[in-house]
2 protein chains.
Amino acid sequence: MPPHLISATAAATAAAAPSNCGGSTLQMAKGRTDPPSPAVDEELAKRAGAVFPGLKWTRTPMAALTQLGAPAFYERGYGARLLGADGREFVDLMCGFGCNFLGYAHPSVERAVNAQATVGACLSGPTERSVELAEELVSFFPHADWALMAKNGSDTTSIARLICRAHTKKRVLLVEGGAYHGTPAPWHEGMPGVLPEDHAHQINYVFNDVESLHKAAEAAGDDLAGIFAGGFSYPLAAPAQMPTKEFAQACRDLADRTGALLVLDDIRCTLRIDARGSWAPLGVQPDISVHCKSIANGHPFSAMVGKDICKDAAAKIFSTGTYWVSPAPMAAALEVLRIVKESDALERMHKAGDDICNGFRALAQKHGVAAQVTGPHTMPIITFDADMAEAGNTRDRPRSVAFATKVIDEGVLIHPTHNFFLSAAHDARDVEQVLKAFDAGLAAVKEQFAEC
Amino acid sequence: MPPHLISATAAATAAAAPSNCGGSTLQMAKGRTDPPSPAVDEELAKRAGAVFPGLKWTRTPMAALTQLGAPAFYERGYGARLLGADGREFVDLMCGFGCNFLGYAHPSVERAVNAQATVGACLSGPTERSVELAEELVSFFPHADWALMAKNGSDTTSIARLICRAHTKKRVLLVEGGAYHGTPAPWHEGMPGVLPEDHAHQINYVFNDVESLHKAAEAAGDDLAGIFAGGFSYPLAAPAQMPTKEFAQACRDLADRTGALLVLDDIRCTLRIDARGSWAPLGVQPDISVHCKSIANGHPFSAMVGKDICKDAAAKIFSTGTYWVSPAPMAAALEVLRIVKESDALERMHKAGDDICNGFRALAQKHGVAAQVTGPHTMPIITFDADMAEAGNTRDRPRSVAFATKVIDEGVLIHPTHNFFLSAAHDARDVEQVLKAFDAGLAAVKEQFAEC
């Protein structure tokens, strides 16, 4: 029997083995040694297909990109760029779906993480990093009286659900119909393995539609526990909507009037709209906000901050995760928040977003293509008017697909129907390459479609 | 307005800022500089109390330990030991609740992780590490035809629920009454914020009780989707039970007869009972098994492996997590599995477990204390017969508390009512210190209790 198959019983009868901390002098597992090339990427995709179910080897939205010519695998990231396993370099406008905020492999963030390597990955109890970071989060977000830490975004949205219900002793949660505030999302209903009970006491509203919000609240009767809303509304394959002041205030008023909690789901938007929380420019504070992705520059960490009013409920709900006390991702978050406060990182990200979005608008006009850039300039989505007019209830967006295909071919990674992400690492050279690719992409759309 | 409060609107009008990748030359956030001491630990606990809700700054079961004299915070881990923020060193028998498998801050695991720092924490798509690790998992576990990767243990148990229901198009899951197979656990029912619907179509059985399993299956009628079982039964504050061959086979037969899936929840037990999966010594293979904690030596990673029969269901269910493609924790898992195969790590862990458990039994006899060590020797739980006789329906275990208090005072970190964990780093010197502490702990019990 090979040694890794040894069982407890076998071990019990095994001869005494030396008790030194072995393994430390062994060689590390060796990866591939040939340089990235189209053949390497193809080979990896083929191998992945053999050991993963379906497309579970990649992020769900990335599967679409390989069909548009993007590589299936990536070698590494640096700054705003990615090296594909196919050997091509891309300016990356997907940013790890929000993870890349200061630049991939950011030197001081990685140094902060590596400095924790001598601490141990995950001890039996918490370290000082937990306290430092909780204090920083409470000081950083104006609405924060307390903080909690976890791993995934959905850890924190799930905890938020528990807190709403524990705080109010009521059941109903209002959520945006098309949005993803963790599992189960409204659009998971009827998907494989999902039960009707998974969506119990959850009522949908339409973002920015105060009447639909009030109608949902009415349907909740006196059983309203919480109102979940995103930093903005970002449906797939459709224009984004920034929250109106009227809608945000209506959410706040509804919570105040009923005693329900207002939960700002800033998982996707953290630091990209307003560092104080995405609704801060509207003057509306949530009771709870949840944060992820950008906050530790892609290191596995999520956080929740909340107001005193629901601190007791947060204390008494049960939630646990093995790795939630891990110090290294907390060190990354501490470094990210320090850089946000002490450098011009946010200004640089906003400038890159403005240059790219305004640049696209000018190019669309030049080509005579009717297209919209919506959402915050740091997380824009591009839609083509003729696509939207023809789409009906489908998600067919042939012009978006033609545009993305050409832009990817020009070395800029974008998604046809998902919002992009800017980072503080996108510099003038990156912006120039993006606009050159957009120019070519718009020309391709104009050439391929009579109506645009 | 300070720079971190800048909003999208403000940025849009801001003057052009330099676009270099700033922040990289700034200093890292500085932690405490005074050495660990009781005052430092007290101060950290006080600060934590001000910014966390209740005891949410620590792992739930660790809160009990501070009341028994353990520090609230830890400075770092090395091998099998922890340095408390109070300045005391402990031989750690809690092992990060399973995370510490090869030793804290294991050199080659940390090297493998740090080597990924130049790759980027979390790219827009997957890296070669995903393929390497999925192939390794499929080759490592005899029942594995495919693999999936996530972060938390509960990510994988939640995905397992979806797969059971998607595969069978049925609803009912059978679970061990007292066990925690992710959220919601049977004992979460009625806890703050938890709804009856959260437990819909979930029926409890009693571990190792074939009749109760069949009764639960009968109650499920023809709606049985899955059977969840742990590597062994490890209730809090009670003796553990290893699965009987009869019970494991009854689970397998029930799944085969009904078409339901058998899910082995090995989150806590991975690599500690049998490297092939905890039921392998019984000759019973699950359809799906889930793994965590030890598998990446505490780096945030969880995995699921499964049989071909449910690969289609695994492909079609929706599941997503921002950080699930992160390469660094995968590099840790690859290195752990390599060490398991190529070194005597498992034998050393089993030997340390045998020495500690058999040593305790001899000491209990010497002191005339009636106590049991149950569960696998690598994850034992100690119970005192007189505690169990007096307990009734309570979790009061005064002898366990007295024992743990003395053992902690002697420099060995244990929990009074939770199982311990051995690691491959527990060497002869650690075992000697543990047995010396157990000797003192048993003497304290004998002295404090007339009945023992």
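Residues numbered from 1 in each chain as written. Chains lettered and ligands numbered in written order. Predicted model: local features only at pLDDT ≥ 70, side-chain atom pairs only at ≥ 80, totals over all residues. Heavy atoms only, no water.

- An unreviewed UniProt entry lists chain A under the name Glutamate-1-semialdehyde 2,1-aminomutase, with Prasinoderma coloniale as the source organism.
- UniProt annotates chain A under Cofactor (unreviewed entry) with the comment "pyridoxal 5'-phosphate". (UniProt positions renumbered as here; feature names shortened; annotations may be inferred.)

### Quick look at the overall build of chain A
1) Next: Each helix and strand in chain A was counted, giving 14 helices and 13 strands.
2) Next: On C-alpha atoms alone, chain A measures out to a radius of gyration of 24 Å, which is about the 22 Å that the 2.2 N^0.38 rule sets for 452 residues.
3) Next: Taken along the three principal axes of its C-alpha coordinates, chain A extends 80 × 60 × 45 Å.
4) Next: For chain A, the residues scored as buried account for 65% of the 452 residues in total.
5) Next: If you take every contact in chain A between residues at least 6 apart in sequence, the share linking residues at least 24 apart comes to 73%.
6) Next: Distance between charge centroids for chain A: 2 Å, based on 41 positive and 51 negative side chains. (Helix = DSSP H or I, 4+ residues; strand = E, 2+ residues; numbered from the N terminus. Rg over C-alpha atoms; globule rule 2.2 N^0.38 Å. Buried < 20%, exposed > 50% of the residue type's maximum accessible area, 1.4 Å probe, protein only. Contact = heavy atoms within 4.5 Å. Lys, Arg positive; Asp, Glu negative; His and termini not counted. Charge placed at Lys NZ, Arg CZ, Asp CG, Glu CD.)

### Some words on the relation of the copies chain B and chain A
1) Next: For the pair chain B and chain A, the best superposition has an RMSD of 0.0 Å and corresponds to a rotation of 180° with a translation of 0.0 Å parallel to the axis. Accordingly, the operation relating the two chain copies is best matched by a two-fold axis. The position closest to the rotation axis in chain B is occupied by the C-alpha of Glu197(B), lying 2.9 Å away.
2) Next: The fraction of interface residues of chain B whose copies in chain A are also interface residues reaches 100%, indicating that both copies meet through the same surface. (Least-squares fit on C-alpha atoms with pLDDT ≥ 70 in both.)

### Quick look at the confidence of the model for chain A
1) Next: Per-chain confidence: chain A averages 92 in pLDDT, with 93% of residues scoring 70 or above.
2) Next: Below pLDDT 50 for its whole length, residues 1–29 of chain A participates in 67 contacts with residues either more than four positions away or in separate chains. (pLDDT = per-residue confidence, 0-100.)

### Some points on the sheet that holds strand 7 (residues 224–230) of chain A
Residue and element names in this part refer to chain A.
1) Next: Read across the sheet, seven strands follow the order 4-10-9-8-7-5-6 without closing on themselves; strand pairing throughout is mixed. Here the strands that pair on one side only, and so sit at the sheet edges, are strand 4 (146–150) and strand 6 (202–205). Neighbouring strand axes in the sheet, compared pairwise and without regard to direction, differ in orientation by 20° on average.
2) Next: Pairing geometry for strand 7 and strand 8 (residues 261–265), over five bridges, is parallel. Looking at strand 8, one finds that Ala 229 is bridged to Leu 264.
3) Next: Here helix 8 (residues 245–258) sits on the sheet and contacts strand 5 (172–176), strand 6, strand 7 and strand 8; the angle it forms with strand 7, its principal contact strand, is near 165°. (Pairing = 2+ DSSP bridges. Axes fitted to C-alpha atoms, helices over the stretch in contact; angles between N-to-C directions.)

### Here we look at the pattern of salt bridges
Residue and element names in this part refer to chain A.
1) Next: With the rule as written, the count across this model stands at 38 salt bridges over all chains.
2) Next: Ionic pairing is found between Arg 81 and Glu 89, a salt bridge with its closest N-O pair at 2.8 Å.
3) Next: Using a relative accessible area of 34% as the deciding quantity, one classes Glu 89 as partly exposed. (Salt bridge = Lys/Arg side-chain N within 4 Å of Asp/Glu carboxyl O.)

### With respect to the domain arrangement of chain A
Residues and elements named next belong to chain A.
1) Next: Entries for chain A in the domain assignment read domain 1 (34–98 + 344–452) and domain 2 (109–342).
2) Next: The straight-line distance from the C-alpha centre of domain 1 to that of domain 2 is 27 Å.
3) Next: Three residues, Gly 98, Leu 346 and Met 379, lead the burial of domain 1 against domain 2; their summed loss comes to 26% of the area buried on that side.
4) Next: Between the two partners, domain 1 and domain 2, sit zero salt bridges.
5) Next: Our enumeration of links across domain 1 and domain 2 arrives at nine residue pairs in polar contact (both at pLDDT 80 or more).
6) Next: Residue assignment for the side of domain 1 that touches domain 2 shows that the elements contributing at least two residues are helix 11 (345–367) and strand 12 (381–384). (Domains from an automatic or database assignment. Buried area = accessible area lost by both parts, 1.4 Å probe. Polar contact = N/O pair within 3.5 Å; in protein donor to acceptor, adjacent residues only side chain to side chain.)

### Points about the interface of chain B and chain A
1) Next: Counting residues at the interface gives 146 residues for chain B, matched by 146 residues for chain A.
2) Next: Taken together, both faces of the contact between chain B and chain A bury some 12,400 Å²; the carbon and sulfur share is 61%.
3) Next: Applying the counting criterion to the chain B and chain A interface returns 40 residue pairs in polar contact (both at pLDDT 80 or more).
4) Next: If you tally residues by element for the side of chain B that touches chain A, the top one is helix 5 (residues 128–140) of chain B, at nine residues.
5) Next: Of the residues contributing to the side of chain B that touches chain A, the split by class is 75 nonpolar, 37 polar and 34 charged. (Nonpolar A, V, L, I, M, F, W, Y, C, P; charged D, E, K, R; others polar.)

### Digging into the side chain of Asp266(B)
Residue and element names in this part refer to chain B.
1) Next: Within the fold, Asp 266 resides in the loop between strand 8 (261–265) and strand 9 (288–291).
2) Next: Among buried Asp, Glu, Lys and Arg side chains, Asp 266 stands out as unpaired, with Arg 268 the closest opposite charge at 9.8 Å.
3) Next: Asp 266 has contacts with Gly 231, Gly 277, Ser 278, Val 290 and His 291, leaving out every residue within four places of it along the chain.

### Some points on the sheet that holds strand 7 (residues 224–230) of chain B
Residue and element names in this part refer to chain B.
1) Next: Taken in spatial order, the seven strands of this open sheet run 4-10-9-8-7-5-6, and their pairing is mixed. The open sheet has two edge strands with one neighbour each: strand 4 (146–150) and strand 6 (202–205). Strand-to-strand twist in this sheet, taken as the mean axis angle between neighbours without regard to direction, amounts to 20°.
2) Next: When strand 9 meets strand 10 (residues 302–306), the two strands line up antiparallel, connected through four bridges. Residue pairing in the sheet places Ile 288 in a bridge with Gly 306 of strand 10.
3) Next: Set on the sheet, helix 6 (residues 153–168) makes contact with strand 4, strand 5 (172–176), strand 6, strand 7, strand 8, strand 9 and strand 10; between it and strand 7 the angle comes to about 150°.

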